[in-house]
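What follows is each chain in one-letter form.
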Amino acid sequence: MYAVMTLRDLIILVIDENAIRASVIEEGLRQAGHGNVTVIHDVQGVGRIIETLRPDVIVIDLENPNRDMLESMFQLSRSVNRPIAMFVDRSDQSTIEAAVEAGVSAYIVDGLRQERVKPILDMAISRFNAFSKMARELEEARSELENRKIIDRAKGILMKSKGLSEEDAYRLLRKTAMNQNRKIAEIAQSLVMAAGLLEE
Amino acid sequence: MTDGAEITIGFLPLLDSAILIAAAEKGFARDEHIDVNLVRETSWANIRDRVAVGHFEAAHMLAPMPIASNLGLSPLSVPLIAPMALGLGGNAVTASVPLYEDMSGRGMAGDLDPADAGRALKTVIAARSEAGMERLRIAVVHPFSGHNYELRYWLTACGVDPERDVDIIVVPPPLMPDALASGNIDMCCVGEPWNSVAVSRGSGRIITVKARIWRNSPEKVLGVTSRWANAQGDVLDALLRALYRAAEWCAGSDNAEELAAILSRPQWLNVDEKLVLGCLTGALATRPDHIVQVDDFFVRHAKAATFPWQSHALWFYSQMVRWGQCGHSAKNAVIARDSYRPDIYRRALKPLPAPLPGANLKVEGALSRPQPVGASKAGLVLGPDGFFDGRIFDPDAIDAYIAGQNGHRGN
């Protein structure tokens with residue numbers, strides 16, 4: 001035995017159907033100095049990939065319906081020749097909770113030292129959370145834009161049918177929304193729909 | 001005492017989530033002053049993990065899952081209990097169209113008889129092996145599932161070795177119809193409505209059913225952590241009462257159409273209402289334009305369908321041993337048995353006019369006809385409960401049963 005062993009690069013497999021999020025994770029791993037990272041988006045044929053790649057760590061998103069399939073392959077020594085234990089087994093409760101909360105799960109080869117794997121999961125958790133936040137903000141921005149468009153259309157309808165100025169049309173929308181305890185965009189939506197029905 | 005209790009329950013889109021969905025949709029939970037929030041999940045692994053970290057107070061679980069967890073066989077093994085079953089039966093075995101035609105060509109009558117289908121399958125496998133063709137690929141939903149065990153039971157009893165003659169893999173239930181269509185798998189054993197969906201899409205034909213392999217046999221349970229059950233006993237009891245009354249409602253033949261309409265909604269199963277109705281009434285379209293009426297296909301309430309029989313837990317355990325998932329010891333058998341909690345079921349349902357079985361275990365497969373049994377109130381009838389090969393499981397003789405099984409032979 002050598003007194004000092006050089007740690008070889010961990011072989012990491014990332015399975016994520018969301019290509020953007022997968023690349024965010026991949027980039028995080030590379031920045032942390034992991035050079036041997038493989039990313040797949042489709043679990044089709046994952047058994048063969050695991051067999052040839054022989055990963056030390058597998059990171060998978062919780063939304064993937066094929067987690068059961070993946071776990072069953074770890075039990076079948078026929079298709080995967082190395083025992084793979086679940087990372088979550090040997091990590092602390094708060095990491096497990098944070099991982100499930102973030103929507104990510106990881107599996108590691110049995111016997112791999114905790115200190116080597118925990119940073120990987122911590123990184124995956126923070127990147128998953130950042131991705132969710134970004135996706136949420138994008139969604140909000142998108143609906144904000146949609147709302148603005150629909151309000152503009154409603155204003156146009158009011159200006160044309162009632163001969164109002166743009167400012168007055170907006171005031172009318174806002175007043176109606178306040179009276180009905182609804183959002184301006186909802187009132188605008190109803191108005192646009194109603195106008196559409198009347199046109200037909 | 002339970003006023004305003006909120007319970008989040010995870011489920012997979014399957015026919016036997018019916019009792020949970022009915023409890024929420026038909027007001028049975030509200031009657032018990034509990035607010036049920038159902039969350040549809042994509043995998044049993046997620047159900048397990050989210051119960052373990054406390055996202056879900058309770059979940060729709062494969063009956064062997066709590067047993068496997070208590071035996072330390074699954075990741076994140078936390079102590080789980082099954083205080084209630086969620087019905088009996090509900091699964092089927094579906095072959096791809098090419099395999100079905102091959103089996104029909106080798107004399108399969110197509111009336112769902114497991115022995116008949118098994119004979120044809122054995123002939124097909126022999127012919128494929130002789131021709132140097134690949135092994136048939138058969139999908140189940142999870143390694144610790146009734147599907148895995150009933151499939152292997154059926155195959156073995158028909159002379160097919162599940163470990164050498166075929167490849168058994170795992171596919172999520174809603175993906176089975178596509179997997180059959182694409183040729184990724186040749187056969188699957190899955191809960192309804194996914195067999196019926198495969199038939200309706202033209203990608204599969206039902207060849208036998210759980211109810212014919214082992215009549216009135218266990219399938220899903222309500223799973224909760226021991227920790228939660230101990231801390232929130234009152235809430236758990238209220239939930240069990242709500243589910244019991246939901247099960248009673250689900251079983252009413254006058255309610256089948258309404259139940260089918262509810263289950264078919266996008267947030268629940270998101271499957272055509274007519275297909276769901278066929279599954280509920282046991283009128284299975286096994287192939288296009290061919291309906292077979294299956295007795296006791298999916299039993300929601302009668303025959304103590306929600307009682308957590310410890311003999312069911314022990315049978316599942318005997319199959320875990322059979323297929324090399326765990327070793328047999330007296331200690332393991334006790335862990336498996338005690339994963340099911342008939343004591344909690346009785347405690348919770350005491351205020352209801354429900355006939356509760358007097359025993360915790362029964363001999364499985366011994367009843368060839370319906371039979372009244374000892375209960376807290378008159379009116380409880382069990383069975384028939386036969387295994388298709390006529391074997392009997394006596395939980396008191398589990399050592400002999402395990403010793404007499406041919407199963408896993410190592411790798």
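No experiment lies behind these values; they were computed from the predicted model shown. (Residues numbered from 1 in each chain as written. Chains lettered and ligands numbered in written order. Predicted model: local features only at pLDDT ≥ 70, side-chain atom pairs only at ≥ 80, totals over all residues.)

Visitor: Which residues make up the overall build of chain B, and what are the values?
Guide: Of regular secondary structure, chain B possesses 18 helices and 16 strands. Counting only residues that meet the buried cut, chain B has 56% of its 411 residues in that class. (Helix = DSSP H or I, 4+ residues; strand = E, 2+ residues; numbered from the N terminus. Buried ≥ 20, exposed ≤ 12 C-beta atoms within 10 Å, placed from the backbone.)

Visitor: Tell me about the overall build of chain A, and name the residues and values.
Guide: When you go through chain A residue by residue, the secondary structure sums to 8 helices and 5 strands. Tracing chain A from N to C terminus, the helices and strands come up as β-α-β-α-β-α-β-α-α-β-α-α-α. Within the span of chain A, comprising 200 residues, buried residues form 29% of the whole. Taking all contacts inside chain A whose residues are at least 6 apart in sequence as the whole, residues at least 24 apart take part in 63%. (Contact = placed C-beta atoms within 7 Å.)

Visitor: Can you tell me about the domain arrangement of chain A, naming the residues and giving the values?
Guide: Each assigned domain of chain A is listed with its residue range as follows: domain 1 (12–136) and domain 2 (139–199). Taking only C-alpha atoms, the centre of domain 1 of chain A and the centre of domain 2 of chain A are 47 Å apart. (Domains from an automatic or database assignment.)

Visitor: How would you explain the environment of B:G383 if you had to name every residue and give the values?
Guide: Tracing the backbone shows B:G383 in the loop between β16 (381–382) and α18 (398–403). Setting aside its immediate chain neighbours within four residues, B:G383 contacts B:N216, B:L367, B:R369, B:P370 and B:Q371.

Visitor: Got a sec to walk through the interface of chain B and chain A? Specific residues and values, please.
Guide: On the side of chain A, 19 residues touch chain B, which itself brings 20 residues to the contact. The set of elements that each furnish at least two residues to the side of chain B that touches chain A consists of α3 (44–52) and β8 (166–170) of chain B. Considering every element that reaches the side of chain B that touches chain A, the biggest residue donor is α3(B), with 5 residues. By residue class, the composition of the side of chain B that touches chain A is 12 nonpolar, 6 polar and 2 charged. (Nonpolar A, V, L, I, M, F, W, Y, C, P; charged D, E, K, R; others polar.)

Visitor: Lay out the packing of helix α6 (residues 114–162) of chain A against helix α7 (residues 166–180) of chain A with the relevant residues and their values.
Guide: Two packed helices can be described by the angle between their axes and the distance between those axes. Residue and element names in this part refer to chain A. For the pair α6 and α7, interaxial distance at closest approach is 9 Å and the crossing angle is 110°. It follows from the interaxial angle that α6 and α7 lie roughly perpendicular. Like other packed secondary-structure pairs, α6 and α7 cross with a definite hand, here right-handed. Only E166, A169, Y170, L172 and L173 of α7 make contact with α6, whose side of the interface consists of I151, A154, K155, L158 and M159. (Axes fitted to C-alpha atoms, helices over the stretch in contact; angles between N-to-C directions. Parallel < 35°, antiparallel > 145°, perpendicular 65-115°, else oblique. Left-handed = near helix turned anticlockwise from the far one by under 90°.)

Visitor: Go over the sheet that holds strand β1 (residues 5–11) of chain B, please, and point to the residues and values.
Guide: Strand pairing in a sheet relies on backbone hydrogen bonds, with the paired strands running either antiparallel or parallel. Residue and element names in this part refer to chain B. Spatially, 5 strands are ordered β2-β1-β3-β11-β4 in an open sheet, and the strand pairing comes out mixed. Because the sheet does not close on itself, it has two edges, and the strands there are β2 (34–40) and β4 (80–85). For this sheet, the mean angle separating the axes of adjacent strands, direction not counted, is 35°. As judged from the 2 bridges shared by β1 and strand β3 (residues 58–62), these two strands associate in the parallel manner. By the bridge assignment, I9 is partnered in β3 with A58. Strands β1, β3 and β11 (220–225) of the sheet are contacted by α3, whose axis makes an angle of about 140° with β3. (Pairing = 2+ DSSP bridges.)

Visitor: I'd like a rundown of the environment of B:D254, residues and numbers included.
Guide: All names here are of chain B. In this fold, D254 is placed in the loop between α12 (233–251) and α13 (256–263). By the C-beta count within 10 Å, which is 7 here, D254 ends up exposed. Between the alpha carbons of D254 and W194 there is a distance of 24 Å; along the sequence they are 60 residues apart.

Visitor: Give a description of the nonpolar core that names residues and reports values.
Guide: Formed by 179 residues in total, the largest nonpolar core has its most connected members in B:A23 and B:L243. Ranked by the residues each element gives to this core, the list is headed by α12(B), at 13 residues. Other than its neighbours up to four places away in sequence, B:A23 contacts B:F28, B:A29, B:V36, B:A242, B:L243 and B:A246. Ranked by size, the runner-up nonpolar core spans 7 residues in total, among them A:I151, A:L158, A:I187 and A:A188. (Core = buried A, V, L, I, M, F, W, Y, C linked by C-beta atoms within 7 Å.)

Visitor: Lay out the packing of α13(B) against helix α14 (residues 273–281) of chain B in plain terms, naming residues and giving numbers.
Guide: Residues and elements named next belong to chain B. Here α13 crosses α14 at 130°, and the two axes come no closer than 8 Å. The orientation of α13 with respect to α14, classified from their angle, is oblique. In terms of crossing hand, the pair formed by α13 and α14 is right-handed. Contacts from A256, E257, L259, A260, A261 and L263 in α13 reach E273, V276, L277, L280 and T281 in α14. Grouping the amino acids of the contact of α13 with α14 by side-chain chemistry returns 8 nonpolar, 1 polar and 2 charged.

Visitor: I'd like a rundown of α14(B), residues and numbers included.
Guide: Residues and elements named next belong to chain B. Within α14, burial applies to L275, V276, G278, C279 and L280. Packed against the buried residues of α14 are α9 (194–200), α13, β12 (283–287) and β14 (298–299). Of the residues flanking the end of α14, it is G282, one or two places downstream, whose phi is positive at about 75°.

Visitor: Would you mind going over the sheet that holds strand β9 (residues 187–191) of chain B in detail, with residue names and values included?
Guide: All names here are of chain B. Taking strand neighbours across the sheet as the criterion, the 5 strands line up as β8-β7-β9-β6-β10 in an open arrangement whose pairing is mixed. Strands at the two margins of the open sheet, each flanked by one partner only, are β8 and β10 (204–209). Each strand of the sheet is rotated relative to its neighbour by a mean of 25°, with strand direction disregarded. Examined bridge by bridge, strand β6 (residues 91–96) and β10 share 5 bridges and lie antiparallel to one another. What sits directly across from A95, in β10, is R205.

Visitor: An account of unusual backbone geometry is needed here, citing residue identities and associated values.
Guide: Residues and elements named next belong to chain B. Of note, the amide linkage connecting E192 to P193 takes the cis form, showing an omega dihedral of 10°. Within the fold, P193 resides in the loop between β9 and α9. Cis geometry is found at the peptide bond from G383 to P384, where omega equals 0°. With respect to the helices, strands and loops of the structure, P384 is situated in the loop between β16 and α18. Backbone geometry places N216, a non-glycine residue, at a positive phi of 50°. Relative to the helices and strands, N216 is located in the loop between α10 (210–213) and β11. We classify N216 as buried; it has 24 C-beta atoms within 10 Å.

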